[in-house]
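Here is how the chains run, residue by residue.
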Number of protein chains: 2
Amino acid sequence: MQDASSFEEPGIGTVRELLAKGDAAALSELGRDMHPADWADCLEQLSYDEVAEYMELVGPENGLPVFEFIGFEYKKNVLEKLSRSTVAQILTLMSPDDRADLVEEVDEDMQEHILSLLFQSERQNVLKLISYPENSAGAFMTTEYAMLRTNDTVQGALEQLRLQAPRKENVYYTYVVDGTLHLVGFISLRRLIMAPRRSMIKEIMDRNVIFVRVDEDIEKVAREMQHYDFLAMPVVDYQDRMVGLITFDDIYDVMQKEATEDMYLLANLDKDESIGSPLHRSVKLRAPWLLLNLCTALLVAYTVHLFSDSISKYVVLAAMMPVVGMLGGNAGNQSLTVVVRALALGEISLGQHWRVLAKEIGVGLLNGLLMGGVMCIIGLTWFQNPWLGLILLVAMTLNLIIAGLVGSMIPMILRRLKLDPALGSSIFVTTATDVGGFFIFLSLSTLLLQQLLSV
Amino acid sequence: MQDASSFEEPGIGTVRELLAKGDAAALSELGRDMHPADWADCLEQLSYDEVAEYMELVGPENGLPVFEFIGFEYKKNVLEKLSRSTVAQILTLMSPDDRADLVEEVDEDMQEHILSLLFQSERQNVLKLISYPENSAGAFMTTEYAMLRTNDTVQGALEQLRLQAPRKENVYYTYVVDGTLHLVGFISLRRLIMAPRRSMIKEIMDRNVIFVRVDEDIEKVAREMQHYDFLAMPVVDYQDRMVGLITFDDIYDVMQKEATEDMYLLANLDKDESIGSPLHRSVKLRAPWLLLNLCTALLVAYTVHLFSDSISKYVVLAAMMPVVGMLGGNAGNQSLTVVVRALALGEISLGQHWRVLAKEIGVGLLNGLLMGGVMCIIGLTWFQNPWLGLILLVAMTLNLIIAGLVGSMIPMILRRLKLDPALGSSIFVTTATDVGGFFIFLSLSTLLLQQLLSV
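Residues numbered from 1 in each chain as written. Chains lettered and ligands numbered in written order. Predicted model: local features only at pLDDT ≥ 70, side-chain atom pairs only at ≥ 80, totals over all residues.

**Student:** Quick question: what am I supposed to make of the overall build of chain A here?
**Tutor:** Within chain A, the regular secondary structure consists of 22 helices and 7 strands. Over its C-alpha atoms chain A spans a radius of gyration of 30 Å, topping by over 25% the 23 Å that the globule rule assigns to 455 residues. For chain A, the C-alpha atoms occupy an extent of roughly 95 × 60 × 45 Å along the three principal directions. Within the span of chain A, comprising 455 residues, buried residues form 48% of the whole. (Helix = DSSP H or I, 4+ residues; strand = E, 2+ residues; numbered from the N terminus. Rg over C-alpha atoms; globule rule 2.2 N^0.38 Å. Buried ≥ 20, exposed ≤ 12 C-beta atoms within 10 Å, placed from the backbone.)

This is the structure in structure tokens:
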């Protein structure tokens, strides 16, 4: 019995000792006492060679459960160290979607090598699975699931399920296809168990089956499965034939990956970066975004430069600029984030775009008046200049309206252009609020320069 | 058969007509053709009174599946319109966790009313469930699941599972308890079906059962379930007695909510806001963050104000300030986001904090040299001033180092203080890069003012 949160891995020293002794039995024993996910974490502390040695020692059958939980990059490296026959055996035992993922990601030599080790039918399956676009249902589905036929009897169906060694994903609901493999219904195990043994599946199945198409965006599939509280979702091809199954564990991963990507895009980070990326890679992935920002920052600098005269005459303007800019940027990012997240969760339909825009502008107006009001008082008290207070009030109100407008408009426009709503948007929003805010603040100040200086 | 993505709801007019006619049979028929999740979306277009009328018409038993999918706020309002006896029946039929959620959220009058409608044992169950802290496993678990005893026979266990009308969550794995309800193992349905009918459960069960405690943070439970690819996770009390089960559909919701919260915190938004929040509420929820930012912005303004003399003498400095500030803010948010996300996903252990810090400082140094280099060239070409170029190079490099330092340090410190790593952190990061960046840039410029002006 194991409390999930207080799990302690066995000493890596013990594992190394057993490996050195070649004690396959003790190693298998060690692995059996643990969930393969934890055992995989433990093995990943070893070198690729050591893990390869482990796999050869315990054999592909015993090693497969833990091997499936080993991280992708790690797995690739271990495969290169294994003997040809072990690789072949592992690949044959692996689930088809894991196998396809592996083939897709390894380099060409390894790809050819792996494909040559497979039987003809498996090879075709792999080639088909890797042909689906990266974020489609097809790329995530498993092709290993039980199906029943409309003309099966309940008795026959139960036998079949027992023999097909169902994976857990597929036990509660089984999908039913007709003679030409078209998906026509589903049936719960509970119903199957309780039905008279001689009934035909088509008589007792539920025909209201919900499915997705093989080219559907996986993020949309995740939203649908969450909407319906589904454990699994059947996938059909363009002729409505059942070709795969997406399961809850894929959805865990998709939801997490999607959230990370959105967060990263909002912060101008590449989705390929992670906390574990080596220094040089992080530098390389972040630099293009910083360079883009540098270009837009020069636009801001140019805007300020236009008003050099006024600033040199009344230098308080330079001190107040950051306040106008920071508040605008912050408010813009608030609008941006609310809208980006709502678009990602499918909470804004096309028809609601104007309403969202109007609301964000309204929020900008009201919070702009509030922040502008505070700054107006500061202008009056700190600098004892009512004109400065008035200009700050107007400039900040207008800038927060710009923030609401641009913060909500940019992601909605990107969505209509079929781009990711978060793509580079925070750079454009802060540039808009900086250029807009500084322009309004400094041109008002220039117009009222006599009054500002006469106080 | 229904493609999930192209679902069309039946005309709301039809539903209203049937309601007016009081045609319970046709309404039930309409609902049966749809997944309850879609039927609920459809009913939510009606008024509370109409939905209450629907529930009374089709009766609690028929209405319950769709009622469970109706949004929480909506549900509460409908309940208030229903007759006492219908409310009692619905509550008795609801799953215990849904019931507890409802009781927890309604106002006191309604709460007393609901509790008075329940039997003693159900009342105690509800009171116990609502006593768990908001984000604990206890607050999310269901208490409706099948359990087996160690001394059951396989034959008896199968009978029991059939009779207990298991919910889908609980079919594949069933948990095993001993005579004092302590969790001691689990068994898969597959194993149960294939085992000799007279074996005892304790002989064939798997003893390596992984569980969480009732007070465990639900976000951590979600991570564990994803780690193990679990469909369900058993929950035990402080005496190791099984008290509940957390299922995959809870995890879908937790993962989504957690991601939204982190994104919102990074953008200085309150977690209670959503795209549907009314205008006045959004204004109220965002204003405190903007006010906090206003305070820190004044600190930035003060920093700039210290160098008024230099700026008025060489006003190009005012134009270059935004470049130094924007790039620092952007780089700081990059570091911040990578670290916040990694902390949320449990990818950084306490021991790795220094390594993360060192890497982010390294990234800041290298990208700082790159961006500073570009700005150095611009200083040379646009303003033809090598001293300005040199100052920009040094100031931007140092500012991006500050960005990496502060961007990674703040969330890690917040985590050690047991606060949310994203809490207000972007405001502090941009303030640090603005204050730091401007101070370095302007004080270097002041030191080298003669040289700057002599070119």
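That covers the picture; the talk isn't over yet.
**Student:** What is the right way to read the nonpolar core from this model?
**Tutor:** The nonpolar side chains of a soluble globular protein tend to be buried, and buried together. In this structure, V235 and L327 of chain A together with V235 and L327 of chain B are the most contacted members of the largest nonpolar core, which totals 274 residues. Sequence-distant contacts of V235 of chain A, that is, excluding residues within four places in its chain, are made with A137, G138, M141, F211, V212, V214, V243, G244, L245 and I246 of chain A. (Core = buried A, V, L, I, M, F, W, Y, C linked by C-beta atoms within 7 Å. Contact = placed C-beta atoms within 7 Å.)

**Student:** Even after reading the chapter, I still don't get the domain arrangement of chain A, so can you show me in this structure?
**Tutor:** Quoted interface sizes are often the accessible area lost when the parts come together. When cut into domains, chain A gives domain 1 (4–131), domain 2 (147–253) and domain 3 (279–454). Computed from C-alpha atoms alone, the centre-to-centre distance between domain 1 of chain A and domain 3 of chain A is 52 Å. (Domains from an automatic or database assignment.)

**Student:** Help me out: how do you make sense of the relation of the copies chain A and chain B in this one?
**Tutor:** Taken together, a rotation about one axis and a shift along it account for how the two chain copies relate. Once chain A has been moved 0.2 Å along the axis and rotated by 180 degrees, it coincides with chain B to within an RMSD of 0.3 Å. As the rotation angle and translation indicate, the two copies are arranged about a two-fold axis. Looking at the rotation axis and the C-alpha trace of chain A, the residue lying nearest is S312 of chain A, at 2.0 Å. A share of 100% of the interface residues of chain A reappears at the interface of chain B, consistent with the copies meeting face to face through the same patch. (Least-squares fit on C-alpha atoms with pLDDT ≥ 70 in both.)

**Student:** Honestly, helix α14 (residues 218–228) of chain A in this entry has me stumped. Any pointers?
**Tutor:** For an α-helix, 3.6 residues make a turn, and residues three or four places apart therefore share a direction. For α14 of chain A, every residue scored as buried is listed here: I218, V221, A222, R223, E224, M225 and Q226 of chain A. Structurally, α14 of chain A contributes buried residues whose contacts are with α10 (137–140), β5 (210–213), β6 (232–236), β7 (242–247) and α15 (248–266) of chain A together with α15 (248–266) of chain B. Following α14 of chain A by one or two positions, D229 of chain A adopts a phi angle in the positive range, close to 55 degrees.

**Student:** Sorry if this is basic, but what is going on with the interface of chain A and chain B here?
**Tutor:** On the chain B side, the residues contacting the 98 residues of chain A number 98 residues. Ranked by the residues each element gives to the side of chain A that touches chain B, the list is headed by helix α18 (residues 316–344) of chain A, at 16 residues. Taken together, the residues of the side of chain A that touches chain B break down into 57 nonpolar, 22 polar and 19 charged. Examined bridge by bridge, strand β1 (residues 2–3) of chain A and strand β5 (residues 210–213) of chain B share 2 bridges and lie parallel to one another. Each residue of the ladder has a partner; that of D3 of chain A, found in β5 of chain B, is F211 of chain B. (Nonpolar A, V, L, I, M, F, W, Y, C, P; charged D, E, K, R; others polar. Pairing = 2+ DSSP bridges.)

**Student:** Would you take a moment to explain helix α4 (residues 48–69) of chain A for this structure?
**Tutor:** All names here are of chain A. Compared with the 32 Å implied by 1.5 Å per residue over 22 residues, the 15 Å span of α4 between its first and last C-alpha is markedly short. Along α4, the largest kink reaches about 120 degrees and is centred on G59; proline P60 follows within four residues of it. Restricting attention to buried positions, one finds in α4 the residues V51, Y54, M55, P60, G63, V66 and F67. Contacts from the buried residues of α4 go to α1 (12–21), α2 (24–32), α3 (36–43), α5 (72–81) and α6 (84–93). (Expected span 1.5 Å × (residues − 1). Bend = angle between axes of the 7 residues up to and from the residue.)

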